[in-house]
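For reference, the chains in residue letters:
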Amino acid sequence: MASEELAQKLQRRLQLEESGAAAEGEVEAVKGAVEDVEERSCLTASAGAELSAKLCRRQDINEGAAQPRRAAVFNPYTEFKEFSRRQIKDMERMFRLYDSGRDGYIDLMELKLMMEKLGAPQTHLGLKNMIKEVDEDFDGKLSFREFLLIFHKAAAGELEEDSGLLTLAKLSEIDVSIEGVKGAKNFFEAKAQALSSASKFEAEIKAEQDERKREEEERKHRRAAFRELKSAFTQ
């Protein structure tokens, strides 16, 4: 009797375990199906967004409202065709003159020095506003392309009369009104209090550089003398 009762309990236990395994299998199958649907939905949404962006871009191009995408390599001669090669070379020389860090940018302190040398010092806020007017990539400094934009906007009459950038262009000694720029006929007529020539402030910059070199040499000599003196006392 006891053995029969034990056999029934074991059979019941086996049935429960089998039904539980089946239920777990069904749950896992449902989970897998849901995950598969979600994954396909994400892929569909991603592809839909990409397609939508391409269609919007195409529509803007057709309507003439699309913004041109900048080429990976900047070529000032092809992008600023209104300027002659000589004018761009003059702008490049001026840019390099004040790019004292030789990093391809004019930062706020270098712009401060430029405006001081041009005889039109600006406040800290004024300098920040000057950069902001042409700072396309929002990095807080001027690339050569953004530097050229100053003259482009000035010649096109896109700068306010009290703009620091307009003052920079007027005092720069780079006369873009000579050739090639539409609407720039009287651009430099308002030039006033400019330095007699670019060579003057170039000479001043060179003098400052020479002074810094001289001071550095003096520091080297003092350090060498100190080392000699220290060595004499330690012997």
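Source: prediction; values computed, not measured. (Residues numbered from 1 in each chain as written. Predicted model: local features only at pLDDT ≥ 70, side-chain atom pairs only at ≥ 80, totals over all residues. Heavy atoms only, no water.)

Notes on the pattern of salt bridges
Here comes step 1: Within this structure, the stated rule accounts for 13 salt bridges.
Here comes step 2: The residue E161 makes a salt bridge to K170 at a minimum N-O spacing of 2.8 Å.
Here comes step 3: By relative accessible area, E161 is classed as exposed at 58%.
Here comes step 4: When its relative accessible area of 12% is taken as the criterion, K170 is described as buried.
Here comes step 5: A salt bridge links E216 to R219; the shortest N-O distance between them is 2.7 Å. (Salt bridge = Lys/Arg side-chain N within 4 Å of Asp/Glu carboxyl O. Buried < 20%, exposed > 50% of the residue type's maximum accessible area, 1.4 Å probe, protein only.)

As for the packing of aromatic side chains
Here comes step 1: Here the structure, examined in full by the defined rule, presents six aromatic pairs.
Here comes step 2: For the ring pair F74 and F144, a centre distance of 6.4 Å and an interplane angle of 65° mean the geometry is edge-to-face. Of this pair, F74 sits in the loop between α1 (2–63) and α2 (76–79) while F144 sits in helix α6 (residues 144–155); the two residues are 70 residues apart in sequence, bridging distant segments of the chain.
Here comes step 3: In this structure F74 comes out as partly exposed when scored by relative accessible area, which is 27%.
Here comes step 4: Plain terms: the ring middles of F147 and F151 are 5.4 Å apart, the flat faces sit at 75° to each other, and that makes the pair edge-to-face. Taken together, the positions of F147 and F151, both in helix α6 and four residues apart, correspond to about one turn of that helix.
Here comes step 5: Clustering of aromatic rings is evident, with ring pairs tying together F74, F80, F83, F95, F144, F147 and F151.
Here comes step 6: R85 extends its terminal NZ or CZ atom over the ring of Y77, reaching a point 4.0 Å from the ring centre.
Here comes step 7: Lying across the ring of Y105, K141 places its NZ or CZ 4.3 Å from the centre. (Phe/Tyr/Trp six-rings, centres within 6.5 Å; stacked < 30°, edge-to-face > 60°. Helix = DSSP H or I, 4+ residues; strand = E, 2+ residues; numbered from the N terminus. Lys NZ or Arg CZ within 6 Å of the ring centre and 35° of its normal.)

Some points on the side chain of S143
Here comes step 1: By secondary structure assignment, the location of S143 is in strand β2 (residues 142–143).
Here comes step 2: Take S143: its relative accessible area is 15%, and that puts it in the buried class.

Regarding the UniProt feature "domain: EF-hand" (unreviewed entry) in the chain
Here comes step 1: The sites that UniProt annotates as "domain: EF-hand" (unreviewed entry) are residues 86–121 and 122–157.
Here comes step 2: For residues 86–121, helix accounts for 64% and strand for 6%, while the C-alpha atoms at its two ends are 28 Å apart.
Here comes step 3: Helix makes up 64% of residues 122–157 and strand makes up 6%, while its end C-alpha atoms are separated by 21 Å. (UniProt positions renumbered as here; feature names shortened; annotations may be inferred.)

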